[in-house]
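Here's the letter readout for the chains.
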Amino acid sequence: MPFSRIVILTGAGISAESGVDTFRDKGGIWSKVDYRDVATPEGFARDPDRVHEFYNMRRQRMKDVQPNAAHFALARLEREFQGEFLLVTQNIDDLHEKAGSQKLLHMHGEHTKALCANCGSRHEWREDLSRAIPCPACGSKGYLRPDVVWFGEMPYHMEAIYQALRSADLFISIGTSGNVYPAAQFVQEAARAGAYTVELNLEPSEGIDDFAEAIHGRATEVVPAFVERLLKV
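Residues numbered from 1 in each chain as written. Predicted model: local features only at pLDDT ≥ 70, side-chain atom pairs only at ≥ 80, totals over all residues. Heavy atoms only, no water.

## Observations concerning the packing of aromatic side chains
For step 1, the next point in the chain: Within the structure shown, the criterion is met by 6 aromatic pairs.
For step 2, the next point in the chain: Each ring, one from Tyr35 and one from Phe151, has its centre 4.2 Å from the other, and the planes form 40 degrees; the classification is tilted. With Tyr35 in helix 2 (residues 35–38) and Phe151 in the loop between strand 6 (144–148) and helix 7 (158–167), the pair connects residues that are 116 residues apart, well separated along the chain.
For step 3, the next point in the chain: On the basis of relative accessibility, which here comes to 32%, the residue Tyr35 falls in the partly exposed class.
For step 4, the next point in the chain: A relative accessible area of 32% means that Phe151 is categorised as partly exposed.
For step 5, the next point in the chain: For the pair Phe54 and Tyr55, a centre-to-centre distance of 4.9 Å together with 90 degrees between the ring planes defines the contact as edge-to-face. Comparing Phe54 with Tyr55, the two get one shared label, buried.
For step 6, the next point in the chain: Clustering of aromatic rings is evident, with ring pairs tying together Phe44, Phe54, Tyr55 and Trp150.
For step 7, the next point in the chain: Note that Arg122 overlies the ring of Tyr156, its terminal NZ or CZ placed 4.8 Å from the centroid. (Phe/Tyr/Trp six-rings, centres within 6.5 Å; stacked < 30°, edge-to-face > 60°. Helix = DSSP H or I, 4+ residues; strand = E, 2+ residues; numbered from the N terminus. Buried < 20%, exposed > 50% of the residue type's maximum accessible area, 1.4 Å probe, protein only. Lys NZ or Arg CZ within 6 Å of the ring centre and 35° of its normal.)

## Let's talk about the environment of Cys135
For step 1, the next point in the chain: Mapped onto the secondary structure, Cys135 falls in the loop between strand 5 (122–124) and strand 6.
For step 2, the next point in the chain: The buried category is assigned to Cys135, whose relative accessible area is 3%.
For step 3, the next point in the chain: Measuring from C-alpha to C-alpha, the distance between Cys135 and His123 comes to 8.9 Å, with 12 residues separating the pair along the chain.
For step 4, the next point in the chain: With residues near it in sequence (within four places) discarded, Cys135 still touches Cys116, Cys119, Ser121, His123, Ser140 and Leu144. (Contact = heavy atoms within 4.5 Å.)

## Section: the nonpolar core
For step 1, the next point in the chain: Counting residues in each nonpolar core, the largest one holds 23 residues, and the members touching the most others are Ile8, Ile172 and Val223.
For step 2, the next point in the chain: Of all elements in the fold, only strand 1 (5–10), helix 5 (69–80), strand 2 (84–89), strand 7 (170–174), strand 8 (196–201) and helix 9 (219–232) reach the threshold of two or more residues within this core.
For step 3, the next point in the chain: Broken down by element, this core gets its largest block of residues, 6 residues, from helix 9.
For step 4, the next point in the chain: The next biggest cluster of nonpolar side chains, apart from the first, holds 19 residues, and it includes Val88, Ile161, Leu165 and Ala195. (Core = buried A, V, L, I, M, F, W, Y, C linked by side-chain atoms within 4.5 Å.)

## A word on the environment of Arg166
For step 1, the next point in the chain: Looking at the element boundaries, Arg166 is found in helix 7.
For step 2, the next point in the chain: For the pair formed by Arg166 and Val7, sequence separation is 159 residues and the distance between their alpha carbons is 9.9 Å.
For step 3, the next point in the chain: If we skip the residues at most four places from it in the chain, Arg166 touches Glu189 and Ala193.
For step 4, the next point in the chain: Within the structure, the side chain of Arg166 is placed 2.9 Å from the side chain of Glu189, a separation counted as a polar contact. (Polar contact = N/O pair within 3.5 Å; in protein donor to acceptor, adjacent residues only side chain to side chain.)

## What to know about helix 5
For step 1, the next point in the chain: Between the first and last C-alpha of helix 5 there are 16 Å, a value that for 12 residues agrees with the 16 Å anticipated at 1.5 Å per step.
For step 2, the next point in the chain: Here helix 5 has its buried residues at Ala70, His71, Ala73, Leu74, Ala75, Leu77 and Glu78.
For step 3, the next point in the chain: Where helix 5 is buried, its residues meet strand 1, helix 1 (12–16), strand 2, helix 6 (95–99), strand 7 and helix 9.
For step 4, the next point in the chain: Backbone nitrogen of Ala70 and a side-chain oxygen of the N-cap are separated by 2.8 Å at the start of helix 5; the cap is Asn68. (Expected span 1.5 Å × (residues − 1).)

Below, the structure is given as structure tokens:
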């Protein structure tokens, strides 16, 4: 294999074939729900019960959702690749973990975790959240919120992500629209550092011109095929 340092970015498109709703596509979540009501600090301050209801519903729906062939292919690549590997996901689901991925960063948080807005502690959380539940760390009620990055908040792990991008020799973007920043600029960052850049997507993203190679089709088809190609080189 000619590459020694791989960074992969995944977006909603890789989980869509497992039945997870996308956000920005036609018919996606933000076409039905105003993000300002459920995905901003202001929305949470205004109506925390509505925000909890929105994320409780999503958390419960995810319990029976299983990873697909694309998730399993990336877990295989991590296991069999001999160099440095980092998987960065914009998704808040846990399908990569269910498939076996371990070298993984959730830049937009995780729906299976809760964050206390009072003391800053984080907790594994797979049941419903409400204002009545005290924080396991500080005991305060009304401060627990989903540990997800809302609009206007800084994504997680950015220093580690940029460090990996600047040393990568292969960058792969999978299932992303190319219009969500800062992730949309990762390809440019990697390319400036000399990485070969590849887009695997259902259709061309908004940043298609920034990639050296693009393969379009269903994630469950193009991702396993590309992983197989990499491992055979």
